[in-house]
Amino acid sequence: MMPHTNSFGHTFRDYHVESERQQGVENFYRTNHINQTYDFVKRMREEYGNLDKVEMSIWECCELLNDVVDESDPDLDEPQIEHLLQTAEAIRKDYPDEDWLHLTGLIHDLGKVLLHPSFGGLPQWAVVGDTYPAGCAFDKSIVHHKYFEENPDYHNPAYNTKYGVYSEGCGLNNVMMSWGHDDYMYLVAKENNTTLPSAALFIIRYHSFYALHRSGSYKQLMNGEDVENLKWLEIFNKYDLYSKSKVRIDVEKVKPYYLSLIEKYFPAKLRW
Ligand SMILES: O[C@H]1[C@H](O)[C@@H](O)[C@H](O)[C@@H](O)[C@H]1O
Ligand SMILES: [Fe+2]
Ligand SMILES: [Fe+2]
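Quick caveat: nothing in here was measured; it's all calculated off a predicted structure. (Residues numbered from 1 in each chain as written. Chains lettered and ligands numbered in written order. Predicted model: local features only at pLDDT ≥ 70, side-chain atom pairs only at ≥ 80, totals over all residues. Heavy atoms only, no water.)

Participant: Can you walk me through the coordination of the iron ion (ligand 2) in this structure?
Facilitator: For a metal with four tetrahedral donors the ideal donor-metal-donor angle is 109.5 degrees, whereas six octahedral donors ideally subtend 90 or 180 degrees. Distances from the iron ion (ligand 2) to its protein donors, Asp 109 (OD), His 181 (NE2) and His 207 (NE2), fall within 2.0 to 2.2 Å. Separating the iron ion (ligand 2) from the iron ion (ligand 3) is a distance of 3.7 Å, and Asp 109 supplies a donor atom to each of them. You can see His 181 sitting in helix α6 (residues 181-191) and its partner His 207 sitting in the loop between α7 (198-206) and α8 (210-213), a full 26 residues away along the chain. A single burial state applies to His 181 and to His 207, both of which are buried. (Donors = N, O, S within 2.8 Å, 3.2 Å for Na, K, Ca; no water. Helix = DSSP H or I, 4+ residues; strand = E, 2+ residues; numbered from the N terminus. Buried < 20%, exposed > 50% of the residue type's maximum accessible area, 1.4 Å probe, protein only.)

Take a look at the structure:
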């Protein structure tokens, strides 16, 4: 299950190796780090929290992702629908009884639909890439950290200390994460009354928060419930990352199974 190299022959998540994709990835993080400010995140949460853009089913959204390629990802240049199915199928193999986790795999990146023209076609830097809290100091463990020096919050004393606007143990639910596909999909799932367990919502919301789940930074902001949920996120992450490959899944073959899960945990149409 855990390959040592990605489809380009490099180790996973190596942001400094020489490769054809690397320059684009670094440019991506430069723009991302400069623009993700506390104010920007607040505005995006308000604008997209209304869920008044589109009405569609979960599967319709999966199909929209056929056209989406993620420029922040050094390990994958396949359309996103492949990544969704690769993740879900890899989990299904190892955890056959946790159907909620299979569905979580399928939907965790659906928020990337924000790139689609019907959602105003947000730029890549506002949708993909790793996430991190806004409103307190940017931790050194964040990929391409140096570009934060050009972010206005970096120089704002209200936002550039260890706790910033937060307090110890305040709970991640009270933290404004950089805006992107994670927080958006969390909102969509929650506001459309999914019956998925809270660990699923946590995975969706924080799966790009590598500074936390890989490097252990920002733990001081977690509460007891976050600590419990993090265990599932750590399991999930292995499948999200190491299932990335050029081996394609036969969509039509697995579709009936995933449609049955969608029906179990979601309404037929959702507000996006
Ligand atoms: O480039 C990737 C990609 O955008 C993923 O969807 C996200 O979850 C990761 O954190 C990021 O590194
Ligand atoms: Fe993601
Ligand atoms: Fe993913």
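Participant: What should I look at first to understand the site of ligand 1 in this one?
Facilitator: If you check the shell around ligand 1, you find 15 residues, and the closest are Asp 70, Ser 72, Lys 112, Asp 130 and Ser 208. Here an oxygen atom of ligand 1 sits 2.5 Å away from a polar atom, N or O, in the side chain of Asp 70. Taking Lys 112, its side chain carries an N or O atom lying 2.7 Å from an oxygen atom of ligand 1. In isolation ligand 1 exposes 300 Å². Once the protein is present, 97% of that is buried. Here the residues of the shell around ligand 1 are counted per class, giving 4 nonpolar, 5 polar and 6 charged. (Near = heavy atom within 4 Å. Polar contact = N/O pair within 3.5 Å; in protein donor to acceptor, adjacent residues only side chain to side chain. Areas by Shrake-Rupley, 256 points an atom, 1.4 Å probe, with all protein chains shown as cover. Nonpolar A, V, L, I, M, F, W, Y, C, P; charged D, E, K, R; others polar.)

Participant: Quick question: what am I supposed to make of the environment of Pro 152 here?
Facilitator: Within the secondary structure layout, Pro 152 lies in the loop between α5 (99-107) and α6. Separated by 88 residues in the primary sequence, Pro 152 and Asp 240 place their C-alpha atoms 32 Å from one another. The residues contacting Pro 152, other than those within four sequence positions of it, are Ile 34 and Thr 37. (Contact = heavy atoms within 4.5 Å.)

Participant: What's the story with unusual backbone geometry in this structure? I'm lost.
Facilitator: Across residues other than glycine, the phi torsion is negative in most instances, and most of the peptide bonds are trans. Of note in the backbone geometry, Leu 51 takes a positive phi value of approximately 50 degrees without being a glycine. You can see Leu 51 is positioned in the loop between α2 (38-49) and β1 (55-56).

Participant: What should I look at first to understand the side chain of His 207 in this one?
Facilitator: Take His 207: its relative accessible area is 3%, and that puts it in the buried class. One polar contact links the side chain of His 207 to the main-chain carbonyl oxygen of Ile 204, over a distance of 3.0 Å.

Participant: Can you walk me through the environment of Ser 57 in this structure?
Facilitator: Looking at where Ser 57 falls in the secondary structure, it is placed in the loop between β1 and α3 (58-64). Distance from Ser 57 to Arg 271, taken between C-alpha atoms, is 8.6 Å for residues 214 residues apart in sequence. Excluding residues within four positions of it along the chain, Ser 57 makes contact with Ala 268, Lys 269, Leu 270 and Trp 272.

Participant: Just to check I follow, could you spell out the pattern of salt bridges for this structure?
Facilitator: Side chains that differ in sign of charge can pair as their charged atoms come close. Scanning the entire structure with this criterion turns up 18 salt bridges. Of the charged contacts, one joins Asp 70 and Lys 112 as a salt bridge, the two residues approaching to 2.9 Å between their closest N and O atoms. Taken together, the residues Asp 70 in the loop between α3 and α4 (80-94) and Lys 112 in the loop between α5 and α6 connect sequence positions 42 residues apart. A salt bridge links Lys 231 to Glu 228, with the shortest nitrogen-to-oxygen separation between them at 3.1 Å. Of this pair, Lys 231 and Glu 228 are both found in helix α9 (residues 224-242), 3 residues apart, which corresponds to roughly one turn of the helix. On the basis of relative accessible area, Lys 231 is assigned to the partly exposed category, the value being 46%. It is possible to trace a salt-bridge network through shared partners that takes in Asp 77, Glu 78, Glu 82, Lys 246 and Arg 248. (Salt bridge = Lys/Arg side-chain N within 4 Å of Asp/Glu carboxyl O.)

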